[in-house]
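# Results of the structural survey
What follows is each chain in one-letter form.
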Amino acid sequence: MELYKGILTRRSIRKFTNQAVEPDQVEKILTAAMFAPSGMNMQSWQFVVITERELLEAIPAVHPNASMTPQAALAIVVCGDEDIQPSEPRWVINCSAASLNIMLAAHALGLGSVWCGVYPDAARQSGIKRMLKLPDHIHPFSLLPIGHPDESPEPGERFKVERVHYNLW
């Protein structure tokens, strides 16, 4: 898929088929995540790939906006690692870039995903942290359910000329 078209056609997918995602697709998605830009090139992220059905089904209990996760083939939790980069604003930005690359890579591979924010919600963070047995220095940032889409939302128009300013406000 051509990159610009992929950016404009990517949509949040909340309905998935029961078709499995191939391991090589997961590796491609994670490779794309790790090619995201990061502050000072610290790459202060860690990734937890969830494929166990029991965990996928338990996620909505700790993340109320992730009700689609049990239908997904897998989910990736993007985490900030403060041992790599202690500055919270930096790992948050880095994890944002990695999360977007995951979603774009999934779309390019014909898969669907949706960004379920974990950070900065303390209850979601502690729930995910407890569920996945994350160490203290690892902070869950986003939860990205991924699978074969069972819906095709239209992209719609998002460009708003009134939000563009050249040189000065």
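Everything quoted here is computed from the prediction, not taken from an experiment.

### Some remarks on the environment of Glu-82
By secondary structure assignment, the location of Glu-82 is in the loop between strand 2 (74–81) and helix 4 (88–108). Placed 54 residues apart in sequence, Glu-82 and Asp-136 show a C-alpha to C-alpha distance of 9.1 Å. Discounting residues that sit within four places of it in the chain, Glu-82 has contacts with His-137 and His-139. Of note is the side chain of Glu-82, whose polar atom sits 2.8 Å from the side chain of His-139.

### Section: helix 2 (residues 23–34)
For helix 2, spanning 12 residues, the distance from its first C-alpha to its last is 17 Å, which sits close to the expected 16 Å at 1.5 Å a residue. Listed as buried for helix 2 are Gln-25, Val-26, Ile-29, Leu-30 and Ala-33. For helix 2, the arc enclosing every buried residue in end-on projection is 135°, short of the 170-degree limit, so these residues lie on one face. In the core, the buried residues of helix 2 are packed alongside strand 1 (45–50), strand 2, helix 4 and strand 5 (138–147).

### Observations concerning the packing of helix 2 against helix 4
The interhelical angle for the contact between helix 2 and helix 4, taken along N-to-C directions, is 145°, at an axis separation of 8 Å. The way helix 2 lies across helix 4 gives a crossing that is right-handed. Two secondary-structure elements touch here, helix 2 through Ile-29, Ala-32 and Ala-33 and helix 4 through Ala-98, Asn-101, Ile-102, Ala-105 and Ala-106. Of the residues in the contact of helix 2 with helix 4, the class split is seven nonpolar, one polar and no charged.

### Looking at the nonpolar core
If you look at the biggest cluster of nonpolar residues, it comprises 25 residues, and the most contacted ones within it are Ile-29, Phe-47, Ile-76, Val-78, Ala-98, Ile-102 and Ile-146. Contributing elements (two or more residues each) for this core: helix 2, strand 1, strand 2, helix 4 and strand 5. Top contributing element to this core by residue count: helix 4, with nine residues. Ignoring sequence-local partners within four residues, the contact set of Ile-76 consists of Ile-29, Leu-30, Phe-47, Val-48, Val-49, Ile-102, Ser-142, Leu-143, Leu-144 and Ile-146. Ranked by size, the runner-up nonpolar core spans 21 residues in total, among them Leu-56, Ala-72, Cys-79 and Leu-134.

### Points about the pattern of salt bridges
Under the defined criterion, the tally for this structure stands at one salt bridge. A salt bridge links Asp-121 to Arg-124; its shortest N-O distance comes to 4.0 Å.

Rules used in this analysis
- Residues numbered from 1 in each chain as written.
- Predicted model: local features only at pLDDT ≥ 70, side-chain atom pairs only at ≥ 80, totals over all residues.
- Heavy atoms only, no water.
- Helix = DSSP H or I, 4+ residues; strand = E, 2+ residues; numbered from the N terminus.
- Contact = heavy atoms within 4.5 Å.
- Polar contact = N/O pair within 3.5 Å; in protein donor to acceptor, adjacent residues only side chain to side chain.
- Expected span 1.5 Å × (residues − 1).
- Buried < 20%, exposed > 50% of the residue type's maximum accessible area, 1.4 Å probe, protein only.
- Arc of directions from axis to C-beta.
- Axes fitted to C-alpha atoms, helices over the stretch in contact; angles between N-to-C directions.
- Left-handed = near helix turned anticlockwise from the far one by under 90°.
- Nonpolar A, V, L, I, M, F, W, Y, C, P; charged D, E, K, R; others polar.
- Core = buried A, V, L, I, M, F, W, Y, C linked by side-chain atoms within 4.5 Å.
- Salt bridge = Lys/Arg side-chain N within 4 Å of Asp/Glu carboxyl O.

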